[in-house]
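Here is what each chain is made of, one letter per residue.
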Amino acid sequence: MHLFQLENITFKPLLVIAEDYDHAAQIFMYSLISGLGERPDADFDVTKWRIKDHRRRDIPWAWVDEGKAGMLWNVDDGTGWLLNCTNLVRE
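Summary of the structure given here. (Residues numbered from 1 in each chain as written. Predicted model: local features only at pLDDT ≥ 70, side-chain atom pairs only at ≥ 80, totals over all residues. Heavy atoms only, no water.)

Okay, the packing of aromatic side chains next. The relative placement of two aromatic rings is captured by the distance of their centres and the angle of their planes. Scanning the model with the defined rule gives 1 aromatic pair in all. Ring geometry for Phe11 and Phe28: centres 5.7 Å apart, planes at 90°, overall edge-to-face. Linking Phe11 in strand β1 (residues 4-11) with Phe28 in helix α1 (residues 21-34), this pair joins segments that are 17 residues apart in sequence. For Phe11, a relative accessible area of 29% translates into the label partly exposed. Owing to a relative accessible area of 26%, Phe28 belongs among the partly exposed residues under this scheme. (Phe/Tyr/Trp six-rings, centres within 6.5 Å; stacked < 30°, edge-to-face > 60°. Helix = DSSP H or I, 4+ residues; strand = E, 2+ residues; numbered from the N terminus. Buried < 20%, exposed > 50% of the residue type's maximum accessible area, 1.4 Å probe, protein only.)

As structure tokens, this is what we get:
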């Protein structure tokens, strides 16, 4: 497995039912994290991740070495990394 970066992400407008602007933003972020349920109408570029020395040690490379696939992001509260695993692993 390798690390790739998604860049220049542009979603077409999405509708959210919410109490206010902050609530709508929270719902959108949660929907991204938990899975939107279907493919959104979006444009984006996939590029090879450009490793910077200060970030290399932060990534849980064991997941890469184990051949896991999925979206990876750093948790804001400093508890570490989360991996949203997928069954889309090619053999």
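The subject of this paragraph is unusual backbone geometry. Of note in the backbone geometry, Asn8 takes a positive phi value of approximately 50° without being a glycine. Locating Asn8 in the fold gives a position in strand β1.

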